[in-house]
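Observations on chain architecture
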Amino acid sequence: MKKPTPGKFIVFEGLDGAGTSTQMALLKNWLSQQDIFAEVTKEPSNGPAGVVIRQAIEERIVMTPTAIALAFACDRVDHLQNDANGVQKSLGQGSWVLCDRYVLSSLAYQSSEGMDLEWLKAINRFAFAPHVTIFVDTSIEVCVERINRRSSHNELFHHSDKLKTVRTQYQQLLDHSELTGHLVKVNGDGTEQEVFAELITQFQQWMEQSTAS
Ligand code: TMP
């Protein structure tokens, strides 16, 4: 995976209910206090393929696991490369981009649906590695409790047996720095502020290292 320059691409990963969106919003605020403006985005994106994926995730349409894996890869290439608001363009202009989910989600979730890992990497090969992956490591029990509290409808991956398989897949993938870039891993079971305190300590260390080198 090639790295784009000169902006910074920071990706959040974790199980459904892990708290990635909350932590991403807190990091955006913290960065703005350091006079760093960061764009925020997510996958599935709001682009055309993302809209179809969202319907499949919410079980309003039925797609096979293979079609879903390809749709995520399709959404990702558009999200990265489209001329209007693609991530690559923002990074090229020097912006920081914070993204809720990226390639690791495809590798962890779609492999847990029986898709071959090497095939998943192949269909995502256009996707460059982020500078940093922040993995919010939240226990299944806490994820399920948060999912039940906030959502009134079923989703494809909102079942604890599925989340268990996804968690195992994530743990194996996190050792691969060619996929994650610099890894920040935090315990997601605490309060928002407890989790963020752990996150920002590690993140600041990375910022200091990356400006020194
Ligand atoms: P979220 O927007 O609430 O995080 O939901 C997105 C869902 O889509 C979540 O269950 C994870 C799943 N997903 C995949 O299965 N593969 C992917 O590549 C991405 C980005 C998300």
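Below is a summary of the structure that appears in this document. (Residues numbered from 1 in each chain as written. Predicted model: local features only at pLDDT ≥ 70, side-chain atom pairs only at ≥ 80, totals over all residues. Heavy atoms only, no water.)

1. Let's talk about the environment of Val 11
Quick reminder of the rule: Think of it this way: any DSSP run of H or I at least four residues long counts as a helix, any run of E at least two long counts as a strand, and we number them from the N terminus. Contact criterion: two residues are considered in contact whenever any of their non-hydrogen atoms come within 4.5 Å of each other.
Of note, Val 11 is situated in strand S1 (residues 8-13). Spatially, the C-alpha atom of Val 11 lies 9.5 Å from that of Ala 129, the residues being 118 residues apart in sequence. Dropping the residues within four chain positions of it, Val 11 is found in contact with Cys 99, Arg 101, Tyr 102, Pro 130, Val 132, Thr 133 and Ile 134.

2. Some details on the sheet that holds S1
As a reminder of what qualifies: Pairing between strands requires that DSSP locate at least two bridges from one strand to the other. Whenever a helix is involved, its axis is fitted only over the stretch in contact; in every case the axis is a line through C-alpha atoms, and angles between N-to-C directions fall within 0 to 180 degrees.
One open sheet holds the 5 strands; their spatial order is S2-S3-S1-S4-S5, and the pairing between them is parallel. Two strands lie at the open edges of the sheet, namely strand S2 (38-42) and strand S5 (182-187), each paired on one side alone. Each neighbouring strand pair of the sheet contributes to a mean axis angle of 20°, computed without reference to strand direction. Pairing of strand S4 (residues 132-137) with S5, which is carried by 6 bridges, proceeds in the parallel orientation.

3. Regarding unusual backbone geometry
We apply this condition: We call a residue buried when its accessible area falls under 20% of the maximum for its residue type, exposed when it is over 50%, and partly exposed in between, using a 1.4 Å probe and counting protein chains only.
Glu 43 connects to Pro 44 through a cis peptide bond whose omega is -5°. Along the polypeptide, Pro 44 turns up in the loop between S2 and helix H2 (48-57). A positive phi is found at Asp 35, a non-glycine position, where the angle reads about 65°. Structurally, Asp 35 is set in the loop between helix H1 (20-33) and S2. Judged by relative accessible area, Asp 35 falls into the exposed class, the value being 73%.

4. Section: helix H5 (residues 103-111)
Because the α-helix completes a turn every 3.6 residues, residues three or four places apart line up on one side. Burial analysis of H5 places 9 of its 9 residues in the buried class, which makes it a mostly covered element. Burial in H5 covers these residues: Val 103, Leu 104, Ser 105, Ser 106, Leu 107, Ala 108, Tyr 109, Gln 110 and Ser 111.

5. Comments concerning the site of the ligand
Cut-off, in case you're wondering: Nearness here has a simple test: a residue counts as near a molecule or strand if at least one of its heavy atoms is within 4 Å of that partner. Polar contact is the term for a pair of N or O atoms within 3.5 Å; when the atoms are in protein, one must be able to donate a hydrogen and the other to accept it, and sequence-neighboring residues count only if both atoms are side-chain atoms. To measure how exposed things are, a 1.4 Å probe is used in the Shrake-Rupley method; for residues, cover is taken only from the protein chains shown. In the scheme used here, Gly and all other residues not listed as nonpolar or charged are polar, with Ala, Val, Leu, Ile, Met, Phe, Trp, Tyr, Cys and Pro taken as nonpolar and Asp, Glu, Lys and Arg as charged.
In the region of the ligand, 13 residues are neighbours, and Asp 16, Arg 76, Arg 101, Ser 106 and Gln 110 sit closest. One of the side-chain N or O atoms of Gln 110 is found 2.8 Å from a nitrogen atom in the ligand. Protein chains shield 90% of the accessible area of the ligand, which is 480 Å² for the free molecule. Of all the secondary structure elements, the ones that give two or more residues to the shell around the ligand are H2, helix H3 (65-81) and H5. By residue number, the principal contributor to the shell around the ligand is H5, which donates 4 residues. Classifying every residue of the shell around the ligand gives 5 nonpolar, 3 polar and 5 charged.

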